[in-house]
Amino acid sequence: MDTLSLLLHGFQVALQPVNLMWALVGSLLGTAIGVLPGIGPALTIALLLPVTVSVGPVSAFIMFAGILYGAMYGGSTTAILINTPGEAGSMMTALEGNRMARAGRGAAALATAAIGSFVAGTLATMALTFAAPAVAELAFILTPADYFALTVMAFTSVSVVMGSSRVRGFISLFLGLALGVVGIDAMTGQARMTFSIPDLLDGIELTVVLVSVFAVGEIIYVASRNRYYQEEITPIRGKAFMTADEWRRSWKPWLRGAVIGFPMGAIPGGGSELPTMLSYTLEKHLSRHKDEFGKGAIEGVAGPEAANNAAAAGVLVPLLTLGLPTSATAAILLVAFQNYGLQPGPFLFTSNPELVWGLIASLYVGNCMLLVLNLPLVGLWVRLLYIPKPQLYAGILVFAMIGIWGVSGSTFDLALMAGLGLVSYAMRVYGIPIAPMLIGLILVPLAETQLRTALAAGEGRFQVLFESPIALAFYIVAVLFLIVPWIMARLQSAAESRPSTG
Amino acid sequence: MSERRRQPWWVGLAVILAGAVCLYASSSLDISAQYAAIGPGFFVTAVGVGLVVLGVLLLVQMARGTAFDPELERDPGMDKPAFFAVVVAALLPALVIETVGLPITAALSFTLVSRAFGSLRIWTNLLIGFILGTAAWFLFSWLGLQLGTFLPLAGL
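Residues numbered from 1 in each chain as written. Chains lettered and ligands numbered in written order. Predicted model: local features only at pLDDT ≥ 70, side-chain atom pairs only at ≥ 80, totals over all residues. Heavy atoms only, no water.

Enquirer: So what's going on with the nonpolar core? Which residues, and what values?
Expert: Side chains of nonpolar character tend, in soluble globular proteins, to be buried together. If you look at the biggest cluster of nonpolar residues, it comprises 190 residues, and the most contacted ones within it are Phe61, Phe64, Leu206 and Leu465 of chain A. Of all hydrophobic cores here, the second largest spans 23 residues; its members include Leu110, Ala113, Ile298 and Ala302 of chain A. (Core = buried A, V, L, I, M, F, W, Y, C linked by side-chain atoms within 4.5 Å. Buried < 20%, exposed > 50% of the residue type's maximum accessible area, 1.4 Å probe, protein only.)

Enquirer: I'd like to hear about the environment of Leu316 of chain A, residue by residue, with values.
Expert: In this fold, Leu316 of chain A is placed in helix 12 (residues 316-322). Ignoring anything within four residues of it in the chain, the contact list for Leu316 of chain A reads Leu68, Leu128, Leu333 and Leu363 of chain A. (Helix = DSSP H or I, 4+ residues; strand = E, 2+ residues; numbered from the N terminus. Contact = heavy atoms within 4.5 Å.)

Enquirer: So, the packing of aromatic side chains: which residues are in play, and what are the values?
Expert: All names here are of chain A. Applying the stated criterion across every chain yields a total of 16 aromatic pairs over all chains. Ring centres of Trp247 and Trp254 lie 5.7 Å apart, and the angle between their planes is 85°; on these two criteria the pair is classed as edge-to-face. On the basis of relative accessible area, Trp254 is assigned to the buried category, the value being 4%. For the ring pair Phe466 and Tyr475, a centre distance of 5.1 Å and an interplane angle of 40° mean the geometry is tilted. For Phe466, a relative accessible area of 45% corresponds to the partly exposed category. Members of the aromatic cluster, connected to one another through ring pairs, are Phe61, Phe64, Phe337 and Tyr340. (Phe/Tyr/Trp six-rings, centres within 6.5 Å; stacked < 30°, edge-to-face > 60°.)

Enquirer: So what's going on with the packing of helix 5 (residues 91-139) of chain A against helix 10 (residues 273-286) of chain A? Which residues, and what values?
Expert: Residues and elements named next belong to chain A. Relative orientation of the contacting elements helix 5 and helix 10 amounts to 40°, with a least axis distance of 8 Å. What the angle tells us is that helix 5 and helix 10 run oblique. Here helix 5 contributes Met91, Met92, Leu95 and Glu96 to the contact with helix 10, which in turn contributes Glu273, Thr276, Met277 and Tyr280. In terms of residue class, the contact of helix 5 with helix 10 is made up of five nonpolar, one polar and two charged. (Axes fitted to C-alpha atoms, helices over the stretch in contact; angles between N-to-C directions. Parallel < 35°, antiparallel > 145°, perpendicular 65-115°, else oblique. Nonpolar A, V, L, I, M, F, W, Y, C, P; charged D, E, K, R; others polar.)

Enquirer: Break down the interface of chain B and chain A for me, citing the residues and quoting the values.
Expert: Taken together, the contacts link 70 residues of chain B with 69 residues of chain A. Counting the surface lost from both chain B and chain A, the interface buries some 6000 Å², and carbon and sulfur atoms represent 78% of this. Considering only the surface of chain B that becomes buried against chain A, Phe43, Leu54 and Phe117 of chain B emerge as the three largest contributors, covering 12% of it. Applying the counting rule to chain B against chain A returns zero salt bridges. Secondary-structure elements contributing two or more residues to the side of chain B that touches chain A are helix 1 (9-26), helix 2 (41-63), helix 3 (70-74), helix 4 (80-100), helix 5 (102-116) and helix 6 (122-142) of chain B. (Buried area = accessible area lost by both parts, 1.4 Å probe. Salt bridge = Lys/Arg side-chain N within 4 Å of Asp/Glu carboxyl O.)

Enquirer: Now, about empty space enclosed by the protein: what can you tell me, with residues and values included?
Expert: Residues and elements named next belong to chain A. Going through the model one piece at a time under the given rule, you end up with two cavities of 30 Å³ or more. Phe61, Phe64, Ala65, Leu68, Leu316, Leu319, Leu320, Leu333, Phe337 and Leu359 together form the lining of the largest cavity. Listed by contribution, the elements that provide at least two residues to the lining of the largest cavity are helix 4 (57-82), helix 12 and helix 13 (328-339). Ranked by residues supplied to the lining of the largest cavity, first place goes to helix 4 with four residues. Of the residues that constitute the lining of the largest cavity, the class distribution is ten nonpolar, no polar and no charged. (1 Å grid on protein atoms, 1.4 Å probe; cavity = no way out; pocket = protein on both sides within 12 Å on 5 of 7 lines; lining within 4 Å. Points joined across faces, edges and corners; volume = space filled by probe spheres on them.)

Enquirer: Hey, could you go over unusual backbone geometry for me, with residue numbers and the actual values?
Expert: All names here are of chain A. A positive phi angle, near 55°, is found at Met193, a position not held by glycine. One can find Met193 in the loop between strand 2 (191-192) and helix 8 (206-225). Judged by its relative accessible area of 9%, Met193 falls in the buried class. If you check the backbone angles, Ser196 has positive phi at about 60° while not being a glycine. You can see Ser196 is positioned in the loop between strand 2 and helix 8.

By themselves, these observations are geometric and do not establish any function.
Structural data, given as structure tokens:
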């Protein structure tokens, strides 16, 4: 069957009333958590993982997809109205959008963000529709040695790109790798790093780590700094919709944002930070209203918001086709697949077409729902911002605890939650990024299994790892990720020091 | 501003310690195994070595006076009572949930966190936490999941 008929079949799945209901639940939930500061899509999906016990995989993933996209829509509302980017991807939106809101053009900023998210989300979903099957075909030719090289590339890029320093990025990655090897070794049955604690034999659950770092660590951090920060909500003013001039200035940034965001989301380590920054810089460069940037330029909201949403769709390409998560949200989606005994990768397209195509079709459906939910109802969502902070954060902690207790029912995991929460608090304070740790934790079993399989097939010769051209290419990209920022920094400092010495 | 800010040396030392723990744990595992070239200890050893090296690199960076982080420059310092209140709220469930059950644990943790954020309405917060915990308990049992005994103290 060709892609279009498969997609059509996916729509038959996604448009069933029960699945439409799950898409609506996901979209509502996603928008709400996107609006609320302090919780992101990864944490929400982690807390909802217990539903995988009683809800079928197709419905659950349709809901998760709604959360993934909805959080992007909701995040922009918070960024525009209170200038607190809930997540890294909304940073640029906050920059221009909040200025627009203060200048009385809040409604237009919200509209260009929502429509831009819709346009870019739809375009990127189309790109996903056609790219994913092609990449999945390619994935069939990857050998274990290639897969190992791919994970090395993912590790390197995530550690270098996320965060401000390579050393700290790698510290985060290695902490994740260390947590990931805890438990019984799948190949030899030996207990590793368990220190005779029976609870550790099964390994450390990503859910526990994720909830600890995103909920507990975040709450400790915000509570300990809360006294010093005041947030003010800028009320929405301005005409409910965009003027003709604002449309004219928005549509090109939307398209360019989509083109930047999708491939960058698909690359390991691209994340959402880089594409939004790139889009912002590009729009500033291309705009005929350069003087407005920093004071509320609509292009600076339209472009990054589009890039942000397109990147969220791009992340699904490596996840669905290679089983390779490139963001925290993707990592938790991978866990959800594993809860159902499914392994994302090329085989998923042939073994579970209903799930894959139902999921992709529901992205189109969810995007339309979100546009409807967000454009006219934005005033309703804004009310969520008025939930008092003490009860909001207290509620998040209680849900985190319930989430862990519900998944594992073990007091050891609850103690782990407090411990890892403290560790991630320290990581936040000292600028050690969180994402590499999660990627390391979730990918280390894959990396290790593929490495050992490759070496076993090569009868223990280490050269076997470098014999395939594909693996070599991945290693070269990994090395480039390592050295290019270093060379750039050197060049920059050389350029800066020349005038002062000469 | 002092010329040399106090550096958080303990972070580097903690990373080295984490590496040392991995190396200690790997000492009981085979690095090169019977099967293929590497055994169960290989990754653990590699991770341990990596962490030790990274910890040393971090210390070297700090000794050179590299600005630790832009975030730290803005960091106004911490509110200690609020910090400890949340840490206790996070630790509490592990210690008491089996004795007092989910609703009471939720009430206690909820109240501690809201206090850390400055809310003074203790009784209201206790009640909200209790309701949240109770609602979650019934929701989960409706979904077919067990959240422990409801109120062990009352024998429920």
